[in-house]
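# Structural characterization, general
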Amino acid sequence: VSSQKREAPVMVGLDFGTSFTKAYCNIAGDNAPVEFRVGERNSYYLPSEVYFDKKRKFLSMKEWPGFERVRYFKYNMINDELRSSYEGVQNISFDVLCSVFFLANAIKEIKSVASRRAPGKNLKYHFNMGCPIANEDSRFKGVYDQALNVAYVLSDKFLPETMSLEKIASLYNANASESSA
């Protein structure tokens, strides 16, 4: 008797939207949209937002006392005029750090949903993410690709509910090379 799990490909279409993020999975031929946990309910639409504690410089996926909601970071990554007024760390913009943290949490949830849909299978993920055409602009070449790749690597690591900008930046820098391998 073999204890090896059967391998199953998971094709994920990820729409990282400015206001809402959506995902669709094909697991070994079984197609279905992803339902995210949003507050106390499930929804096919995950608000593209994080929460920020300015004093401690922490991000969270949940609202906590002293944290303020941050939105529109997805598009701000490639638009200097719209960049957040918050400072990034370790030469990584605040908007990129928000995007990586958000995407890592979304991917972690997508993987959790997929593993419940295909129990006992060794899932092999393939992500396809839509992004603005400006991603091809030489000034921003690949910024979304890099954010997705690093977020994917981070989704497999310990990902607490809140995380400091410093920690996210350190993980980003440490995993940027791993994600491009």
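The coordinates are above.
Residues numbered from 1 in each chain as written. Predicted model: local features only at pLDDT ≥ 70, side-chain atom pairs only at ≥ 80, totals over all residues. Heavy atoms only, no water.

## Some remarks on the overall build of the chain
We count it as follows: The way it works is that DSSP assigns letters per residue, a run of H or I at least four long becomes a helix, a run of E at least two long becomes a strand, and they are numbered from the N terminus. It is over C-alpha atoms that the radius of gyration is taken, and the globule rule equals 2.2 Å times the number of residues to the power 0.38. Type-normalised accessible area, obtained with a 1.4 Å probe on protein chains alone, sets the label of each residue: buried when under 20%, exposed when over 50%, and partly exposed for intermediate values. Residue contacts are defined here by distance: any two heavy atoms, one from each residue, within 4.5 Å place the two residues in contact. Computed by Shrake-Rupley with a 1.4 Å probe, the accessible areas treat only the displayed protein chains as cover when residues are assessed.
Each helix and strand counted, the chain has four helices and eleven strands in total. Taking 181 residues into account, the globule formula puts the C-alpha radius of gyration at 16 Å, and the chain, at 17 Å, falls close to it. Going through the 181 residues of the chain one by one, you find that 45% of them count as buried. Residue pairs at least 24 apart in sequence account for 60% of intrachain contacts in the chain once pairs closer than 6 positions are excluded. In the form shown here, the chain has an accessible surface area of approximately 10000 Å², with 48% of it arising from carbon and sulfur atoms.

## With respect to the environment of V89
Tracing the sequence through the fold places V89 in the loop between α1 (73–76) and α2 (94–117). Residue classification places V89 among the buried residues on the basis of a relative accessible area of 12%. Separated by 78 residues in the primary sequence, V89 and K167 place their C-alpha atoms 9.6 Å from one another. If near-sequence neighbours (up to four positions away) are discounted, V89 is found in contact with L97, L165, E166 and A169.

## Some words on the sheet that holds strand β8 (residues 58–60)
Note the cut-off: One requirement defines pairing of two strands: DSSP has to find at least two bridges between them. With axes taken as lines fitted to C-alpha atoms, and helix axes fitted only over the stretch in contact, angles between N-to-C directions fall between 0 and 180 degrees.
Across the sheet, which stays open at both edges, the four strands sit in the order β9-β7-β8-β11 with antiparallel pairing between neighbours. The open sheet has two edge strands with one neighbour each: β9 (68–71) and β11 (162–164). Taking the axes of each pair of neighbouring strands and ignoring which way they run, one obtains an average angle of 35° across the sheet.

## Some remarks on the nonpolar core
Selection criterion: We define a nonpolar core as any set of buried Ala, Val, Leu, Ile, Met, Phe, Trp, Tyr and Cys residues linked to one another through side-chain atoms lying within 4.5 Å.
Ranked by internal contacts, the top residues of the largest apolar core, which has 55 residues, are V10, F36, V50, L59, L103, I110 and L123. Those elements giving two or more residues to this core turn out to be β1 (6–16), β2 (20–27), β4 (36–38), β7 (49–53), α2, β10 (121–130), α3 (143–155) and α4 (165–179).

## Quick look at unusual backbone geometry
The backbone phi angle of K57 is positive, close to 60°, even though this residue is not glycine. You can see K57 is positioned in the loop between β7 and β8. Using a relative accessible area of 42% as the deciding quantity, one classes K57 as partly exposed.

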